[in-house]
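So the chains spell out like this:
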Amino acid sequence: MAAYFSLILVIATLATGLIWAYDAAFLAPKRRQKLALAEAGGEISDEAKQHILRESTLVETSHSVFPVIAFVLVLRSFIYEPFQIPSGSMMPTLLVGDFILVEKFSYGLRDPVWRSKLVETGEPERGDVAVFKFPEDTRVDYIKRVIGLPGDKVIYRNKQLWIQPKCEVGADCPPPQLVPRVEVNRGEFVQDGIPLLKYKEQLGEVTHDILINPARGEMEQFFYRQGDLPVGEWIVPQGQYFVLGDNRDNSRDSRFWGFVPEANLVGKAVAIWISFEFDRQPSDLLPTWVPSGVRFNRIGAIH
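Residues take numbers from 1 onward in each chain, read along the sequence in its written order. A pLDDT threshold of at least 70 governs which residues receive local features in this predicted model, and a stricter bar of 80 or more applies before side-chain atom pairs are shown or counted, although totals over entire chains, interfaces and linings include all residues. Values shown for side chains rest on all heavy atoms present in the structure; no hydrogens or waters enter the calculation.

Here's the deal with the overall build of the chain
So, step 1. Working definition: helices are DSSP H or I runs of at least four residues, strands are E runs of at least two. Numbering for both runs from the N terminus. Broken down by element type, the chain carries four helices and 18 strands.
So, step 2. Taking 19 Å as the expected radius of gyration for a compact globule of 303 residues, we find that the chain reaches 27 Å, considerably beyond that expectation.
So, step 3. C-alpha atoms of the chain, sized along the principal axes, occupy 90 × 60 × 30 Å.
So, step 4. Relative accessibility thresholds used throughout: buried, under 20% of the residue-type maximum; exposed, over 50%; partly exposed, between the two (1.4 Å probe, protein chains only). The buried share of the chain, reckoned over its 303 residues, is 40%.
So, step 5. Pairs of residues are marked as contacts when any of their non-hydrogen atoms sit within 4.5 Å. Taking as baseline every contact in the chain between residues at least 6 positions apart, the subset at least 24 positions apart corresponds to 56%.
So, step 6. In these tables, accessible area is a Shrake-Rupley quantity obtained with a 1.4 Å probe, and a residue counts as shielded only by the protein chains included in the view. Carbon together with sulfur atoms contributes 59% to the accessible area of the chain, which is approximately 16800 Å² in total.
So, step 7. For the purpose of charge, His is not counted, nor are the chain termini; Lys and Arg are scored as positive and Asp and Glu as negative. Lysine's charge is taken at NZ, arginine's at CZ, aspartate's at CG and glutamate's at CD. Taken together, the 33 basic and 38 acidic charged side chains of the chain have centroids lying 2 Å from each other. C-alpha atoms define the radius of gyration, and 2.2 Å times the number of residues to the power 0.38 defines the globule rule.

So, in structure tokens, the structure goes:
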């Protein structure tokens, strides 16, 4: 249903707008003309006037609904759109239960149905947390961190990340540089009973936290292979991006399925506007989908 929400919103906006416009252009003048004829025949009561000028239920509903859904359409399509984090692939930056705002105009204004770019407003930067249409199923929205820009060489080996920024052919290109990181703690987050290592990673000008599971292997046998490049090495094609989850050992990302085309970009995640805890057990009185608390300390900008 979520995949078709934009289309439904556009259709509803057009339908109510056309009904309102048709009434204003054709039906309303006829009602006023009918009232004038009635008044020419003698004085009539206010109740009779209201009855003659009264809009039909359909027109009245469209008149009331159109401004609201038109505002929502513009806001959601071109400015900000809310999303809910459904999985832990971006921990510790984003947790299950976080509700985020995605800035739709960061990577260009697009029409809400065919997603054709209407206005160029910017491009992803290294370190951005981006929402995009999953290349293998564009009905699904994914959220990951932008690691590689077009032309970059990305290496992920032994759970370490190297990046060689785009370098022109024939130029004196520097070798890939190890992305620096510093261990913060061990055990703040736990997965399947394993204490995770938390690092602070410096990705260009962006400092953010990542998680590593020391008990989980690299899974190189499942990595996406690009041409004749060694396993764990990729060169980002023009017009595409390489993305990773911050929870490095619990994220299905570019390592496994490849690159994100520019046309799939939805926007930049900029803020958490509310965050719910879901700690209920099946034996509890309330259903598990009912929040058990609010994490007010998580509200704010995303880094």
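Let's talk about the state of the cysteines
So, step 1. Cysteine sulfur atoms that pair up within 2.5 Å are treated as a disulfide. Per the stated rule, a full pass over the model turns up one disulfide.
So, step 2. The partner cysteine of Cys 167 in its disulfide is Cys 173, sulfur to sulfur 1.7 Å. In this structure the cystine formed by Cys 167 and Cys 173 twists about its S-S bond by roughly -95°; its chirality is therefore left-handed.
So, step 3. A relative accessible area of 27% means that Cys 167 is categorised as partly exposed.

Some thoughts on the pairing of strand E16 (residues 265-277)
So, step 1. At least two DSSP bridges between two strands are required for those strands to pair. Looking at chain direction, strand E2 (residues 98-103) and E16 are connected through six bridges and run antiparallel. Considered in E16, the bridge of Phe 99 is made with Ile 274.
So, step 2. Summarising the sheet, strand E5 (residues 129-133) and E16 pair through three bridges and their orientation is antiparallel. In the strand pairing of E16, Phe 132 is matched with Leu 265.

Notes on the layout of surface pockets
So, step 1. The volume enclosed by the second largest pocket comes to roughly 280 Å³.
So, step 2. Space inside and on the surface of the protein is sampled on a 1 Å grid over the protein atoms alone, with a cavity defined as a set of points where a 1.4 Å probe fits but cannot get out and a pocket as an open set with protein on both sides within 12 Å along at least 5 of 7 lines; lining residues have an atom within 4 Å of a point. Forming the boundary of the second largest pocket are 14 residues, of which Pro 92, Thr 93, Ile 272, Arg 298 and Ala 301 lie nearest the centre.
So, step 3. For the lining of the second largest pocket, the secondary-structure elements that each account for two or more residues are strand E10 (181-191) and strand E12 (206-212). Grid points are joined across faces, edges and corners, and a volume is the space filled by probe spheres set on the points.

Examining the pattern of salt bridges
So, step 1. Throughout this description, the term salt bridge denotes a Lys or Arg side-chain nitrogen within 4 Å of a carboxyl oxygen of Asp or Glu. Evaluation of the coordinates by the stated rule reveals 23 salt bridges.
So, step 2. The salt bridge involving Arg 252 is made with Glu 136; its shortest N-O contact spans 3.1 Å. On the criterion of sequence distance, the pair formed by Arg 252 in the loop between strand E14 (240-244) and helix H4 (254-257) and Glu 136 in the loop between E5 and strand E6 (141-148) is long-range, its members being 116 residues apart.

Some words on the sheet that holds strand E11 (residues 194-203)
So, step 1. As summarised here, the arrangement of the three strands in space is E10-E11-E12, forming an open sheet in which the pairing is antiparallel. The open sheet has two free edges, formed respectively by E10 and E12, since each of these has just one partner strand. Looking at each pair of strands side by side, their axes are set apart by 30° on average, direction ignored.
So, step 2. As defined by bridge partners, E10 adjoins E11 across seven bridges and the pair is classed as antiparallel. Residue pairing in the sheet places Val 182 in a bridge with Lys 200 of E11. Angular values range over 0 to 180 degrees, each being the angle between N-to-C directions of two axes fitted as lines to C-alpha atoms, with helices fitted over their stretch in contact.

What to know about the packing of aromatic side chains
The geometry of an aromatic ring pair is captured by the separation of the ring centres together with the interplanar angle, meaning the angle of the planes.
So, step 1. Here is the rule: rings of Phe, Tyr and Trp (six-membered ring for Trp) pair when centre to centre is within 6.5 Å. Planes less than 30 degrees apart are stacked, more than 60 are edge-to-face, and the remainder are tilted. Applying the stated criterion to the full structure yields 15 aromatic pairs.
So, step 2. With a centroid separation of 5.4 Å and 70° between ring planes, the pair formed by Trp 20 and Phe 66 is classed as edge-to-face. Of the two residues, Trp 20 sits in helix H1 (residues 5-40) while Phe 66 sits in helix H3 (residues 57-79), which places them 46 residues apart along the sequence.
So, step 3. When the centroid spacing of 5.0 Å and the interplanar angle of 40° are considered together, the rings of Tyr 22 and Phe 26 count as tilted. Of this pair, Tyr 22 and Phe 26 both sit in helix H1, four residues apart, roughly one helical turn.
So, step 4. When its relative accessible area of 46% is taken as the criterion, Phe 26 is described as partly exposed.
So, step 5. Taken together, the ring pairs in this structure connect Phe 223, Tyr 224, Trp 234, Phe 242, Phe 256 and Phe 259 into an aromatic cluster.
So, step 6. Lying over the aromatic face of Tyr 199, Arg 181 brings its terminal NZ or CZ to 4.2 Å of the ring centre. Charge over a ring is defined by NZ of Lys or CZ of Arg lying within 6 Å of the ring centre and within 35 degrees of the ring normal.

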